[in-house]
Amino acid sequence: DGGITQSPKYLFRKEGQNVTLSCEQNLNHDAMYWYRQDPGQGLRLIYYSQIVNDFQKGDIAEGYSVSREKKESFPLTVTSAQKNPTAFYLCASRPGWGQGETQYFGPGTRLLVL
Amino acid sequence: QKEVEQDPGPLSVPEGAIVSLNCTYSNSAFQYFMWYRQYSRKGPELLMYTYSSGNKEDGRFTAQVDKSSKYISLFIRDSQPSDSATYLCAMTLTGFQKLVFGTGTRLLVSP
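Rules of the game
- Residues numbered from 1 in each chain as written.
- Chains lettered and ligands numbered in written order.
- Predicted model: local features only at pLDDT ≥ 70, side-chain atom pairs only at ≥ 80, totals over all residues.
- Heavy atoms only, no water.
- pLDDT = per-residue confidence, 0-100.
- Helix = DSSP H or I, 4+ residues; strand = E, 2+ residues; numbered from the N terminus.
- Pairing = 2+ DSSP bridges.
- Polar contact = N/O pair within 3.5 Å; in protein donor to acceptor, adjacent residues only side chain to side chain.
- Contact = heavy atoms within 4.5 Å.
- Axes fitted to C-alpha atoms, helices over the stretch in contact; angles between N-to-C directions.
- Disulfide = S-S within 2.5 Å.
- Buried < 20%, exposed > 50% of the residue type's maximum accessible area, 1.4 Å probe, protein only.
- Core = buried A, V, L, I, M, F, W, Y, C linked by side-chain atoms within 4.5 Å.

### Here we look at the confidence of the model for chain A
On average, residues of chain A score 92 in pLDDT, and 95% of them are at 70 or above. Highest mean pLDDT in chain A belongs to strand E7 (residues 64-66) of chain A (98); lowest belongs to strand E2 (residues 10-13) of chain A (92).

Encoded structure:
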C-alpha cells in the first residue's frame, strides 16, 4: 500500500532531551512537510523540503531541525531549545512541480513532555 | 486579520441534515482549494480538491468556490454520525509551495 507512515504514535520527552520523529513515504513524492497542530490554532508549518538535501524553514522553525538525505524520508528533531513541544505533529507529502497542489498527510505523532 | 478565516464551531446537526461549512480568504490570487476531514487524533484526509471557481460533487459532498466573493463552501448531504469530525479548508496558488489552512470547523452529527 502506498502512503505516509509516522512513528512513533506517542513520544515522551524529558527536560533537556532531543527527540526525533520519523516520517517515511512510498508515494514517490518530491516535496515533504512538517506541521505542528495545537488545539484551536490549526496547522502551523515547521519545515518543508522540495528535493533531497534541500529544505526551508516554515513559520515556526525555531527549536526544530530536519534532514532530507533520502527522497522517502524526512525526520524531524525537536530540540531542547523548543520550550513548548507538546503538540500533535503531522508529516505530509506532495507530488512534484506541475503534478498537483494537494498534500497528503500521515497519521501523526503526539509528543508529550514528562 | 488571518489569511483564511473559518468558524471553529462546534456545529451540531441531527442525522440526515444538510451541512454547510465555509471559509473566507483575503488573497485573491489563490487558485487551488481543498477540504480535509480530520477525525480526533488522526491525520487530515483529503476530501475535495477544486481548481478555480465552480462546483465539484463527489457522492454526498459538494465543494463550491466563489472567487468573486473570496468564499468557499463544503456541503454535506444526508449527514451521518460518521461525518462527525473537524473539517479544514486549505488553499494555494501555482508555484507557491505551501498550503494556507483555516483553523478548522468541528462538526457533530447526532443520531
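### Quick notes on the sheet that holds strand E7 (residues 61-66) of chain B
All names here are of chain B. Spatial ordering of the open sheet is given by E1-E3-E8-E7-E6, a layout of 5 strands whose pairing is antiparallel. A strand with exactly one partner marks an edge of an open sheet, and here the two such strands are strand E1 (4-5) and strand E6 (54-58). Taken together, the 5 bridges between E6 and E7 define a ladder with antiparallel strand orientation. Bridged to Glu 57 within E7 is Thr 62.

### Examining the side chain of A:Ser93
Residues and elements named next belong to chain A. The topology assignment puts Ser 93 in strand E9 (residues 87-94). Among the polar contacts made by the side chain of Ser 93, one reaches the side chain of His 29 at a distance of 2.7 Å. Once residues lying within four places of it in the same chain are set aside, the contact partners of Ser 93 are Ile 4, Gln 25, Leu 27, His 29, Ala 31, Met 32, Tyr 33, Thr 102, Gln 103 and Tyr 104.

### Some remarks on the sheet that holds E7(A)
All names here are of chain A. Reading across from one edge, E1-E3-E8-E7 is the order of the 4 strands in this open sheet, with antiparallel pairing throughout. Because the sheet does not close on itself, it has two edges, and the strands there are strand E1 (4-7) and E7. With direction set aside, neighbouring strand axes in the sheet form an average angle of 20°.

### So, the state of the cysteines
Cysteine pairs can be covalently joined through their sulfur atoms, and such a bond is termed a disulfide. Per the counting criterion, the structure on display carries 2 disulfides over all chains. Two residues, A:Cys23 and A:Cys91, share a disulfide whose sulfurs are 1.8 Å apart. Judged by the sign of its S-S torsion, about -70°, the bond between A:Cys23 and A:Cys91 is left-handed. With A:Cys23 in strand E3 (residues 19-25) and A:Cys91 in strand E9, this residue pair connects regions lying 68 residues apart in the sequence. Comparing A:Cys23 with A:Cys91 shows no difference in burial state: the two are buried. Between the sulfur atoms of B:Cys23 and its disulfide mate B:Cys89 the distance is 2.0 Å. Around the S-S axis, the bridge from B:Cys23 to B:Cys89 shows a dihedral of about -105° and counts as left-handed.

### Overview of the nonpolar core
Core analysis: the biggest nonpolar cluster contains 25 residues, and B:Trp35, B:Ile72, B:Leu74, B:Tyr87 and B:Met91 have the highest contact counts within it. Elements with a minimum of two residues in this core: strand E3 (19-25), strand E4 (32-38), strand E5 (45-51), E7, strand E8 (71-76), strand E9 (85-92) and strand E11 (105-110) of chain B.

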